[in-house]
Amino acid sequence: YGGMGLDFSYTIALAEELGNTRCGGIPMAIGVQTNMATPALTRFGSHELKKQFLVPTIAGDFVACLGISEAGAGSDVANIKTTAVRKGDEYVINGGKMWTTSGTQADWMCLLANTSEGPPHQNKSLICLPMNLPGIHVARKIDKLGMRSSDTAQIFFEDVRVPCTNLIGEEGKGFTYQMLQFQEERLWAVASVLTPLETVIQETIEYTGQREVFGQPVLHNQTVHFRLAELATEVELLRSLLHRAVALYVEGNDVTKFASMAKLKAGRLIREVTDSCLQFWGGMGFTNEVLVSRFYRDFRLLSIGGGTDETMLSIICKYMEILPRK
């Protein structure tokens, strides 16, 4: 279907390299295309669906988006309200999606919707939804704190009709398929911040080595250079956890626990690093003229998007058998 046939470790290498773009929005938007909206289609979609949606997406001719979150259901995926009711050989879709990355420009959406009245983990399906159909309303482009180079939309569906053949895999398996997609999304997210973490630490070393306060460079204060050394150590620990999870995933293992741990740690560490480094930049760090302030804004999303820190902790607890699995 136009891909290179490489294993998932190459995706992680790509995500790490994209960290050199010096912003969060571009790697995130590319990640939606490669590892958030397309994995389920790749694994479970029919040959016809792959020809129609996957081939042009891989070629870069189509922009894909992922329709999961709603105004009342973010990390609580089981609580989504959008419905896709089967009528003849079509689904009729009603509801809406919120915080949809690339939603204002997408050609198609990987949509999660309720297709039956059954239990919340068994009544959902993933559907390839062309975004030019009647009844699809892109309500607005959301004004955000960070990731401003990536558009995020609120979208409504009003009696949108799509062929039942656009169903990805089996009806009722959408929740399971989406949980699998989340693992790749979370590993991508972790990989995409490794280079920014290194960059902001290195630039802080350079700046504090030049900036003098009370007759000496800021860097010469032990509290500063010890703190930067601690943060650099944490980055390497995160890298090791990520690479372990990816190696296990490539071998075909369930890495839900490790992916959740890495996502949790990455979200907290990028906040810790950007906050600590911004402090060492002083007044300059509070301007939009330096990279550390952009990273401070952009990567605050990591502890929210793709599952909040609290959601990651709940998953980890379940896999540690601290809490019962549902």
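Residues numbered from 1 in each chain as written. Predicted model: local features only at pLDDT ≥ 70, side-chain atom pairs only at ≥ 80, totals over all residues. Heavy atoms only, no water.

The assigned domain composition of the protein is domain 1 (37-170) and domain 2 (176-320). Taking only C-alpha atoms, the centre of domain 1 and the centre of domain 2 are 30 Å apart. On the domain 2 side, the residues contacting the 20 residues of domain 1 number 18 residues. Taken together, the two surfaces of domain 1 and domain 2 that pack against each other cover about 1400 Å², and 62% of this comes from carbon and sulfur. For the domain 1 face of the interface with domain 2, the top three residues by lost area are Arg-43, Ser-75 and Met-147, together amounting to 35%. Across the contact surface, domain 1 and domain 2 share one salt bridge. The salt bridge partner of Glu-184 is Arg-43, with a shortest N-O separation of 3.0 Å. Per element, the largest residue contribution to the side of domain 1 that touches domain 2 is four residues, and it comes from helix H3 (residues 39-44). (Domains from an automatic or database assignment. Contact = heavy atoms within 4.5 Å. Buried area = accessible area lost by both parts, 1.4 Å probe. Salt bridge = Lys/Arg side-chain N within 4 Å of Asp/Glu carboxyl O. Helix = DSSP H or I, 4+ residues; strand = E, 2+ residues; numbered from the N terminus.)

Moving on, we get to the pattern of salt bridges. Scanning the entire structure with this criterion turns up 16 salt bridges. Across the pair Arg-239 and Glu-198 runs a salt bridge, and its minimum N-O distance is 2.4 Å. Residue Arg-239 is located in helix H6 (residues 222-250), and its partner Glu-198 is located in helix H5 (residues 174-210); the two are separated by 41 residues in the primary sequence. Taken together, the shared-partner salt bridges in this structure form one network comprising Glu-16, Glu-198, Glu-236 and Arg-239.

Following both chains from N to C, one finds helix H2 (residues 25-36) and H5 inclined at 150°, their axes separated by 10 Å at the closest point. Viewed along their axes, H2 and H5 adopt a mutual orientation that is roughly antiparallel. You can see that H2 and H5 cross each other, and the crossing is right-handed. For the pair H2 and H5, contact is made by Pro-27, Ile-30, Gly-31, Thr-34, Asn-35 and Met-36 and by Gln-181, Glu-184, Glu-185, Trp-188 and Ser-192, respectively. A per-class count over the contact of H2 with H5 returns four nonpolar, five polar and two charged. (Axes fitted to C-alpha atoms, helices over the stretch in contact; angles between N-to-C directions. Parallel < 35°, antiparallel > 145°, perpendicular 65-115°, else oblique. Left-handed = near helix turned anticlockwise from the far one by under 90°. Nonpolar A, V, L, I, M, F, W, Y, C, P; charged D, E, K, R; others polar.)

Moving on to a nonpolar patch on the surface. A cluster of nonpolar side chains, Tyr-1, Val-55 and Ile-58, forms an exposed patch at the surface whose accessible area comes to about 240 Å². Along the chain, Tyr-1 falls in the segment before helix H1 (8-18). (Patch = residues over 30% accessible without salt bridge, like charges linked within 9 Å, V, L, I, M, F, W, Y side chains within 5 Å. Areas by Shrake-Rupley, 256 points an atom, 1.4 Å probe, with all protein chains shown as cover.)

With the rule as written, the count across this model stands at five aromatic pairs. Ring plane angle 15° and centroid distance 4.1 Å describe the contact between Phe-44 and Tyr-177, whose orientation is recorded as stacked. Of the two residues, Phe-44 is situated in helix H3 and Tyr-177 in helix H5; the sequence distance between them amounts to 133 residues. The class of Tyr-177 is buried, set by a relative accessible area of 6%. Ring geometry for Phe-295 and Phe-299: centres 5.2 Å apart, planes at 65°, overall edge-to-face. A relative accessible area of 1% places Phe-295 in the buried class. If you follow Arg-186 out to its NZ or CZ, it ends over the ring of Phe-182, 4.5 Å from the centre. (Phe/Tyr/Trp six-rings, centres within 6.5 Å; stacked < 30°, edge-to-face > 60°. Buried < 20%, exposed > 50% of the residue type's maximum accessible area, 1.4 Å probe, protein only. Lys NZ or Arg CZ within 6 Å of the ring centre and 35° of its normal.)

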